[in-house]
Amino acid sequence: IARQRRCSVPAGALPAAAPVPEGAEGQLGEVPARGGRRSAHGARGTHPDMEDLGVQQLGDAELMGSCSQPRRAFRRCCTASSASTGLPSWADISEDEAESASSVSGGQCTAVGDVLGCVWEIAQHAMGTRRVQDALEGARCEAERVDIAWELRGHVSKAMRCPHANHILQKCINTMRPENVQFIVDEIAERECLVTQAAKHRYACRVVQHLLRRCSHAQVGGITKVLLKDADALACHTFGSYVVQQMLEFGSEDLRRDLSRMVQRNVQILCPHACGSRVVRAALEHAAAEDRARVACAVAHQPEVLRQLAAAKNGEAAIGKLLDVLQGSERECAIASLRDEASRV
């Protein structure tokens, strides 16, 4: 880039070159006749390590072009060199370096054409997933988003468990029409064991939750049917409990009724549990009025269970919802039981 900056320097503005000590001739490379410096290693401006890595010198047009052009050229070089040297490619950049690069680029949306053809390859890395998400957000129409999402077909099972690619699946679900993410639903529901594993996975559970929020009841019916079978175990799982809460909030009327009855049957197990108490609160908040009353009575009629719910990590919010549902003498009895427990403490 410096070579392109042609500027005239007045005569005498630069200091005279220092004389070369006697006998030092030949130790330095030959100085070229026109501009620049030729090192002892050969080509002007090319570091010997760059030659060993197989990274070719970029042309002036690429260096002086738009911001994205030299980056793509640099990544092609690095990808080629990493295969022969064993050094990490550009896609192996760390999370901090990705954030730094994002801030340097000014937060510009990545063009769809820059990621098409390599979506799955770059989606598995910190910088690549940001580029694909930017492309989905900056797409001009639904057809461009579909083109990007199409390259994830056949990779959903792995993508939803990847710490980077799972964000792209979430972005697809939230930016695309529900019917266009049917392939995600189909690949998850293809095996029953995969549905349960996804609900219990640190990253995949997020994808399942977004599907429950955005897709129609008929669209995710196969997934919810499998999840309902293991709802009692999922309700006490660190990540699965969030999926059960989403089903209670966004599920169909029949699904919410079945889940509420599951909560009613298992209050002795759910109330003392940190994750289970969140599910109890969700049932008291999102179920139908009749089902909410049944769950509240099932807890209030067992003083020990009521005290365990109040003492649970997330029990305070559940107790508030329970008192809102209970009425009359049942509410007074529950308050009295809680006061007795508070006085003992």
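Conventions and cut-offs
- Residues numbered from 1 in each chain as written.
- Predicted model: local features only at pLDDT ≥ 70, side-chain atom pairs only at ≥ 80, totals over all residues.
- Heavy atoms only, no water.
- Helix = DSSP H or I, 4+ residues; strand = E, 2+ residues; numbered from the N terminus.
- Buried < 20%, exposed > 50% of the residue type's maximum accessible area, 1.4 Å probe, protein only.
- Contact = heavy atoms within 4.5 Å.
- Areas by Shrake-Rupley, 256 points an atom, 1.4 Å probe, with all protein chains shown as cover.
- pLDDT = per-residue confidence, 0-100.
- Axes fitted to C-alpha atoms, helices over the stretch in contact; angles between N-to-C directions.
- Parallel < 35°, antiparallel > 145°, perpendicular 65-115°, else oblique.
- Left-handed = near helix turned anticlockwise from the far one by under 90°.
- Nonpolar A, V, L, I, M, F, W, Y, C, P; charged D, E, K, R; others polar.
- Core = buried A, V, L, I, M, F, W, Y, C linked by side-chain atoms within 4.5 Å.

Before going further, it helps to examine the overall build of the protein chain. From N to C terminus, the protein chain includes 23 helices and 0 strands. For the protein chain, the proportion of its 345 residues judged to be buried stands at 39%. Contacts spanning at least 24 positions in sequence make up 68% of the contacts within the protein chain whose residues lie at least 6 apart. Working note: accessible area of the protein chain is about 19400 Å², and carbon and sulfur atoms make up 50% of it.

Take the side chain of Gln246 next. Relative to the helices and strands, Gln246 is located in helix α16 (residues 240-250). Apart from residues no more than four positions distant in its own chain, Gln246 is found in contact with Gln209, Leu212, Arg213 and Gly251.

Okay, the confidence of the model for the protein chain next. Do not read the predicted coordinates in detail wherever pLDDT is low. In the predicted model, the protein chain carries a mean pLDDT of 76, and 67% of its residues have values of at least 70. Note that residues 1-18 has pLDDT below 50 and, in this model, 8 contacts with residues that lie over four places away or in other chains. Counting contacts from residues 23-109, a segment whose pLDDT is below 50, to residues more than four positions away or on other chains yields 76 contacts.

Two numbers describe how helix α19 (residues 274-286) lies on helix α22 (residues 315-325): the axes approach to 9 Å, and their chain directions differ by 25°. It follows that α19 is roughly parallel to α22 by the angle criterion. Crossing of α19 over α22 shows left-handed handedness. Counted together, Ser277, Arg281, Leu284 and Glu285 of α19 and Gly315, Ala317, Ala318, Lys321, Leu322 and Val325 of α22 form the full contact between these two elements. Residues that form the contact of α19 with α22 fall into these classes: 5 nonpolar, 2 polar and 3 charged.

Let us look at the nonpolar core. In this structure, Ile184, Ile188, Leu211, Leu227 and Leu322 are the most contacted members of the largest nonpolar core, which totals 80 residues. Setting aside chain neighbours within four positions, we find Ile184 in contact with Val156, Leu169, Ile173, Val207 and Leu211.

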